[in-house]
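The residues making up each chain are set out below.
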Amino acid sequence: MEALSLPAALALVAGGGAGLSPERRAALGASLPLLQRDYRFERVWFWGCIQGLRGSYYIAEGLGPNRAAPRSRLYSLNCLDWSLLTPATKEMLALAEQLKGRFQGDPSFEYSLAEINAEAAAKLTESGREPVIKEEARLIATIEQIDREVGIVPRGAFVKTPLGSVHENRHFEGLSLLDAKKLSSYFHFTEPVNLKNKTLQEKADLDPSTDFLDSLEHDIPRGSWSIQLEKGGTVVVVRSLLWLGLTFYHVPMTKQFGYVYFGTGEKNLDLPFML
Amino acid sequence: HGPYQPHEPGYGLDQPGYSPYEDEIPDPQARMLAIKNAKAYLLKTSTKSGLNLYDHFANLLTKILDEQPTNTVDIIEDISKDVKWAQFRKKMDTLRDEHLILPTFEAAEKCKALFVKEVGEEEHEELDEEMGRPSLPNVMETAFYFEQAGIGLDKDESYYIFLSLKNLINVQPIQTCRFWGKILGLEMNYIIAEVQLHEGEGGEEEEAGEEEEETAAEEEKEMGEDEEEGEEKEKEAEPPKSTYKPPPEVPKEENGTGTNKYIYFVCNEPGKPWVKLPPVTPAQIVCARKIKKFFTGRLDAPVVSFPPFPGNEANYLRAQIARISAGTHVSPTGFYQFANEDEEEDEGDAYEENPEFEPPPVVEMVESLASWAHHVKGILKQGRCFWINPFQKSEENEEEDEEEEDREEEEEQQEERGLPLLTLISEDEGMKNIPAWTAEASTNLIPQYSVAILQSNRWPGAYAFATGRKFDNIYFGWGHKYSPESHTPALPPPAQAEYPSGPAITETVDPTVEEEMAFRIAQEEALAGEEEEGEEEEVEDD
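Residues numbered from 1 in each chain as written. Chains lettered and ligands numbered in written order. Predicted model: local features only at pLDDT ≥ 70, side-chain atom pairs only at ≥ 80, totals over all residues. Heavy atoms only, no water.

**Student:** What should I look at first to understand the overall build of chain A in this one?
**Tutor:** Each helix and strand in chain A was counted, giving nine helices and 14 strands. Taking 19 Å as the expected radius of gyration for a compact globule of 275 residues, we find that chain A reaches 19 Å, a close match to that expectation. Its C-alpha atoms give chain A principal-axis dimensions of about 55 × 45 × 40 Å. In chain A, which comprises 275 residues, the share counted as buried stands at 52%. Across chain A, contacts joining residues at least 24 apart in sequence account for 59% of those joining residues at least 6 apart. Per element, the accessible surface of chain A, about 12600 Å² overall, is 55% carbon and sulfur. In chain A, which carries 30 positive and 33 negative side-chain charges, the distance between the mean positions of the two groups comes to 4 Å. (Helix = DSSP H or I, 4+ residues; strand = E, 2+ residues; numbered from the N terminus. Rg over C-alpha atoms; globule rule 2.2 N^0.38 Å. Buried < 20%, exposed > 50% of the residue type's maximum accessible area, 1.4 Å probe, protein only. Contact = heavy atoms within 4.5 Å. Areas by Shrake-Rupley, 256 points an atom, 1.4 Å probe, with all protein chains shown as cover. Lys, Arg positive; Asp, Glu negative; His and termini not counted. Charge placed at Lys NZ, Arg CZ, Asp CG, Glu CD.)

This is the structure:
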């Protein structure tokens, strides 16, 4: 969610019971603008909070002129001092998928790979490194996965220019109430995967400036999103069931939208059994 | 940048009479004509839409000059589309659109109704004072303390819930009431209130239940008579009756004790009417432990699962609420004490507030888990809080003697002993290397006003806070237990054996001719021997 609209946004997302204490909110209000100044971001998004056993990680993302470029991620344990995270590598992603269980809350905690996956541990020792994964790497990989799989934006909110860069659509007036209840009005805000698999008829209806991302309609398994109208029908809240804790909100017919993650940072692999 | 020097090509061509197009526009008159032609072209009405380009440009430029957006050239196409849209709408405006009654407005109506103070409320208040005031919990105060930890709903929603609870108290005969929490669902969410009704009021459920049992027994007797008549009429061979006798049902606990100590009311949104949840049976709890399903938000939705859940979503919800309460409702140690000093054994379910309770400082509550204790009895594997031997009940049945034989054959069920009521939470087992509880203070910057917060790791979403003499528990979540391993559904049971195999029906190999001859010889010899000795033969089968 946009750092500038944080208080209003947190009120809209609070239906799930998770939020921030007044102390943290105040701290964010002070530190996020400083982040913007120091790192020269154009936009700063408060991504959310991953709760570990002994502490929580608060994550912020900074965006440059091209909103679809890989975002810089920062984490903090107290919403005041932020540390930049390195971009995720494929290796990190592969290793982090093996890890199960809660986050510990300590970024320097080391998971011993030998217990989990002996092969990977062997590979690492061969290449001269220790067979451990630090919690920081797991954090980076988890955030990347969540953004890739369930980070969503409404249709029409972003436009792609002919040069390839993506900007906010200044003409976006918000989805209508009818559109807001459909899954096809929301897109994954990441590299599209099955955009090219659409039939010619479907492609003819699309507008290449706004429909350049995957919509949620064809997500597998079907039903992994829950769309609800809250607050007496004034806010549309879309919750992901694959990553429990990801909440997206949008006030129809206005420009307000955003998503935030409050959760334990674990994928819900039991989803097919639970539907 | 034009040609300035006489030697540059094109010099002098901008003078009238010397431009390259001289042969096309010989005189200024013709220029005016050209402009008129261009304008006439622009004014040509489109055959498809009835618009013309001239008017469209005029409207477009008017709009742009009126609004003066920044970087107009980047959004010019969108503005053009908008102008065309506006044209379209105006022309069709002969009929007025009916005002859309959005669901937003209906919901707002309901919320507004919450604020209306009833005329009869003063009478209610007098009655209450006679019967003993039902305590409306201070939901806003609890919400404030939880907010210090970052947990809780929006203030507006909390206030609506506050008002709905007040309505609930006015409608139902309630003794104590508490906001239990919120469970999220796929289509709608549940807001749950935990109440204790006045004694005698909860009996309606029991009577209804007993009536159901009586009618069911009558039906069974009728069925039995029908079957006997049927047997007399048709003596044809019938398929063998199943000898399967289901294990006796564990009876559910009485209202007011054990898992049914409290009654729960749910509603989907504050403003909607409250619905009472039925009491929970041990079978439902046992089954709920084996399945993991999302709630849809509709109480009458079926729960499709394996093992099949005995009930619909209302029962499943009630079972999960019972499990969560039993697992995560805690209070500072010493706040409650046993009502009867002798009853520290499993039998004790009654507790009362300890008047001599000295609240420990917040720092101690955070650091030591021994300063918290459960005040809800844990649920045994049987699905009840107090163990009962289900076979004792079968004495009342009027079945044949088969029942007694079965009882002797089946093993005696082990009596289950659970933890006593006020156990410290430091004795809760963790899963692998994850402790069962995480404690922290709400703020490190202002320790004198910080609140001790407990988060449960076994039931993510269950929180408790304590500060001084105030404490409370709440749940915000999806209603499922945390398991470090993935959920594995129960496998179907092995196929039932068709019939017991014994010597009478086992196939054997037919004897060969030689064997039969040998057998016959042996028989004759034995007959000869029998006349002599008079002993019985032994038949030999090969």
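**Student:** How should I be thinking about the nonpolar core in this particular structure?
**Tutor:** Nonpolar side chains in soluble globular proteins generally cluster together in the buried interior. The biggest cluster of nonpolar side chains holds 52 residues, and the ones touching the most others in it are Trp47(A), Leu139(A), Phe158(A) and Tyr186(A). Examining the composition of this core, we find that six residues originate from one element, helix H6 (residues 135-150) of chain A, more than from any other. Not counting the four nearest positions on each side in its chain, Tyr186(A) is found in contact with Val153(A), Pro154(A), Arg155(A), Leu175(A), Ala180(A), Asp214(A), Ser215(A), Leu216(A), Ile227(A), Val236(A), Val238(A) and Phe248(A). Core analysis: the next-biggest nonpolar cluster, separate from the first, contains 51 residues, Leu299(B), Tyr316(B), Val330(B) and Ala452(B) among them. (Core = buried A, V, L, I, M, F, W, Y, C linked by side-chain atoms within 4.5 Å.)

**Student:** Please clarify how the packing of helix H6 (residues 139-147) of chain B against helix H7 (residues 155-171) of chain B should be interpreted in this entry.
**Tutor:** When two helices pack together, you describe them by how their axes are tilted relative to each other and by the distance separating the axes. Residues and elements named next belong to chain B. Across the interface, H6 lies against H7 with an axial gap of 9 Å and an inter-helix angle of 150 degrees. Here H6 lies roughly antiparallel to H7, going by the angle between them. The way H6 lies across H7 gives a crossing that is right-handed. Here Val-139, Met-140, Ala-143 and Glu-147 of H6 come into contact with H7, specifically with Lys-155, Ser-158, Tyr-159, Phe-162 and Leu-165. (Axes fitted to C-alpha atoms, helices over the stretch in contact; angles between N-to-C directions. Parallel < 35°, antiparallel > 145°, perpendicular 65-115°, else oblique. Left-handed = near helix turned anticlockwise from the far one by under 90°.)

**Student:** Quick question: what am I supposed to make of the interface of chain A and chain B here?
**Tutor:** Interfaces are often described in size by the accessible area the parts lose on coming together. Counting residues at the interface gives 41 residues for chain A, matched by 49 residues for chain B. Taken together, both faces of the contact between chain A and chain B bury some 3500 Å²; the carbon and sulfur share is 52%. Considering only the side of chain A, the residues that lose the most area to chain B are Arg170(A), His171(A) and Met274(A), jointly responsible for 17% of the buried surface there. At the junction of chain A and chain B, the tally comes to one salt bridge. Secondary-structure elements contributing two or more residues to the side of chain A that touches chain B are helix H2 (22-39), strand E11 (225-230) and helix H9 (271-274) of chain A. Broken down by class, the residue content of the side of chain A that touches chain B amounts to 16 nonpolar, 15 polar and 10 charged. (Buried area = accessible area lost by both parts, 1.4 Å probe. Salt bridge = Lys/Arg side-chain N within 4 Å of Asp/Glu carboxyl O. Nonpolar A, V, L, I, M, F, W, Y, C, P; charged D, E, K, R; others polar.)

**Student:** Is there a simple way to think about the pattern of salt bridges in this case?
**Tutor:** Pairing between side chains of opposite charge can happen when the charged atoms of each approach one another. Taken as a whole, this structure holds 23 salt bridges over all chains when the rule is applied. Put simply, Lys267(A) and Glu149(A) hold a salt bridge, and the shortest N to O gap is 3.2 Å. Of the two residues, Lys267(A) is situated in the loop between strand E14 (257-263) and H9 and Glu149(A) in helix H6; the sequence distance between them amounts to 118 residues. Here Glu149(A) falls in the partly exposed class, since its relative accessible area comes to 23%. Salt-bridge contacts for Glu141(B) lead to Lys470(B); the nearest nitrogen and oxygen are separated by 3.0 Å. You can see Glu141(B) sitting in helix H6 and its partner Lys470(B) sitting in strand E12 (residues 470-477), a full 329 residues away along the chain. Judged by its relative accessible area of 38%, Lys470(B) falls in the partly exposed class. In the salt-bridge network here, residues are joined through shared partners; they are Glu61(A), Arg71(A), Arg73(A), Glu144(A), Asp147(A) and Arg148(A).

**Student:** Honestly, the pairing of strand E3 (residues 72-76) of chain A in this entry has me stumped. Any pointers?
**Tutor:** Along any regular strand, the residues point their side chains to alternate faces of the sheet. Residues and elements named next belong to chain A. When you tally the buried positions in E3, you get four out of five residues, the bulk of the element. Where strand E2 (residues 56-63) and E3 come together, five bridges link them in antiparallel fashion. By the bridge assignment for E3, Tyr-58 is matched with Ser-76. Relative to strand E4 (residues 83-85), E3 is paired through three bridges, and the arrangement is antiparallel. The residue of E4 that forms the bridge with Leu-74 is Leu-84. With antiparallel pairing between neighbouring strands as the criterion, E3 and E4 make up a hairpin whose turn holds six residues, including Cys-79 at a positive phi of roughly 65 degrees. (Pairing = 2+ DSSP bridges.)

**Student:** What should I look at first to understand the environment of Lys134(A) in this one?
**Tutor:** Residue and element names in this part refer to chain A. Residue position: Lys-134 is located in strand E6 (residues 132-134). Looking at Lys-134, the relative accessible area reads 41%, which means it is partly exposed. Sequence separation between Lys-134 and Asp-106 is 28 residues; the distance between their C-alpha atoms is 9.5 Å. The residues touching Lys-134, leaving out its near neighbours within four places in the chain, are Pro-107, Ser-108, Phe-109 and Glu-110.

**Student:** Would you mind showing me how to read the packing of aromatic side chains here?
**Tutor:** Geometry of an aromatic ring pair is reported as the spacing of the ring centres plus the angle between the planes. In this structure the tally under the stated criterion is 26 aromatic pairs over all chains. Ring centres of Trp180(B) and Tyr475(B) lie 5.6 Å apart, and the angle between their planes is 35 degrees; on these two criteria the pair is classed as tilted. Taken together, the residues span a long stretch of sequence, with Trp180(B) in strand E1 (residues 174-183) and Tyr475(B) in strand E12 at a distance of 295 residues. In terms of burial, Trp180(B) and Tyr475(B) fall into one category: buried. An aromatic cluster of at least three residues, connected via ring pairs, comprises Trp45(A), Phe158(A), Phe172(A), Phe189(A), Phe257(A) and Tyr259(A). In this arrangement the basic side chain of Arg138(A) is found over the ring face of Phe103(A), its NZ or CZ atom lying 4.2 Å from the centre. (Phe/Tyr/Trp six-rings, centres within 6.5 Å; stacked < 30°, edge-to-face > 60°. Lys NZ or Arg CZ within 6 Å of the ring centre and 35° of its normal.)

**Student:** Would you explain unusual backbone geometry in this entry?
**Tutor:** Most peptide bonds take the trans configuration, and most residues that are not glycine carry a negative phi. Following Phe306(B), the chain continues into Pro307(B) via a peptide bond in cis, with omega recorded as 0 degrees. Mapped onto the fold, Pro307(B) is located in the loop between helix H9 (282-290) and helix H10 (313-328). The residue Cys79(A) is not glycine, and still its phi comes out positive at about 65 degrees. By secondary structure assignment, the location of Cys79(A) is in the loop between E3 and E4. Of note, the phi angle at Met253(A) is positive, near 65 degrees, even though the residue is not glycine. Structurally, Met253(A) is set in the loop between strand E13 (246-250) and E14.

Such coordinate-based values are descriptive only and should not be taken to indicate function.
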